Amino acid sequence: MRLAALIVGAVLVGQPNSAAADLVHSTQYRDHRVRGTTPAEVWRYMNAHPIIDPDDGPAYANLTHDHDLKLKVATRGGACRVTDLTFRWRFVLTLPKAVDSAGMSARTRSLWTQFVAALKRHEETHRRIFLKCGARFVPAATKLTGPGGCLGMQRKVRRFVDRNYAACMEEQRAFEKRDRARMLGQPFIRAATGR
């Protein structure tokens, strides 16, 4: 089942004569079907048929994303300024879905439900980190200025956004490292692996 979240836009302007700065995002949820009726069966299936994350390889759940930047610049007051900027993020959040859940015991189904909820919280935290980061760099990008002829101004803004995006990725890696032990310690995984 695919659920699409409505595109949410946040206008991030605050000063007179500042450019319109929009951080716009959408999220699509997808299922990754897994089989099995016991924790061990589902765990084996998930390891044999993982979600392939384009950046990090095999995963039990993941958040993929792409983005684009649209901007306009113009000379105002003798300097080149950003007059309009939209940064759009498109997220796809994929979670495992147990197709044999009707055959699970009540305990296994409860463990599974908790596990999927933990995976969802983890991936949605990744999305929140991106959006918090974007809320910092998108309005900051509109404050950049350059020489009055605007030569190279778009390139300057794009480089600024790229540097800040790279910093966002570092925040993501730090969160992943911090949260790994909690995720691997989930009761469903302990039941599946006999730990």
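The rules behind the values
- Residues numbered from 1 in each chain as written.
- Predicted model: local features only at pLDDT ≥ 70, side-chain atom pairs only at ≥ 80, totals over all residues.
- Heavy atoms only, no water.
- Helix = DSSP H or I, 4+ residues; strand = E, 2+ residues; numbered from the N terminus.
- Expected span 1.5 Å × (residues − 1).
- Bend = angle between axes of the 7 residues up to and from the residue.
- Patch = residues over 30% accessible without salt bridge, like charges linked within 9 Å, V, L, I, M, F, W, Y side chains within 5 Å.
- Areas by Shrake-Rupley, 256 points an atom, 1.4 Å probe, with all protein chains shown as cover.
- Salt bridge = Lys/Arg side-chain N within 4 Å of Asp/Glu carboxyl O.
- Lys, Arg positive; Asp, Glu negative; His and termini not counted.
- Charge placed at Lys NZ, Arg CZ, Asp CG, Glu CD.
- Buried < 20%, exposed > 50% of the residue type's maximum accessible area, 1.4 Å probe, protein only.
- Phe/Tyr/Trp six-rings, centres within 6.5 Å; stacked < 30°, edge-to-face > 60°.
- Core = buried A, V, L, I, M, F, W, Y, C linked by side-chain atoms within 4.5 Å.
- Contact = heavy atoms within 4.5 Å.

K.L.:
Could you clarify how one ought to interpret helix 2 (residues 106-141) in this entry?
P.N.:
For the α-helix, the turn length of 3.6 residues means that residues three or four positions removed from each other point alike. Here helix 2 spans 52 Å end to end across 36 residues, near enough to the 52 Å set by a 1.5 Å rise per residue. Along helix 2, the sharpest change in direction is near 25° and occurs at glycine 134.

K.L.:
Help me understand a positive patch on the surface, please; the structure alone is not making it clear to me.
P.N.:
There is a patch of like positive charges on the surface, built from Arg155, Lys156, Arg159 and Arg163. Mapped onto the secondary structure, arginine 163 falls in helix 3 (residues 153-184). Residue arginine 163 is classed as exposed on the basis of its relative accessible area, which comes to 53%.

K.L.:
Looking at this structure, how should I read the packing of aromatic side chains?
P.N.:
We describe a pair of aromatic rings using the distance from one ring centre to the other and the angle between the two ring planes. With the rule as written, the count across this model stands at 12 aromatic pairs. Ring centres of tryptophan 89 and tyrosine 165 lie 6.4 Å apart, and the angle between their planes is 40°; this geometry places the pair in the tilted category. With tryptophan 89 in strand 7 (residues 79-98) and tyrosine 165 in helix 3, this residue pair connects regions lying 76 residues apart in the sequence. For tyrosine 165, a relative accessible area of 17% corresponds to the buried category. What links up through ring pairs into an aromatic cluster is the set Phe87, Trp89, Phe91, Phe130, Phe137 and Tyr165.

K.L.:
Would you explain the nonpolar core in this entry?
P.N.:
The biggest cluster of nonpolar side chains holds 46 residues, and the ones touching the most others in it are Trp89, Trp112, Phe137 and Val157. Ranked by residues supplied to this core, first place goes to helix 2 with 12 residues. Contact partners of valine 157, with chain neighbours within four places excluded, come to Leu71, Val82, Leu85, Ala141 and Leu144.

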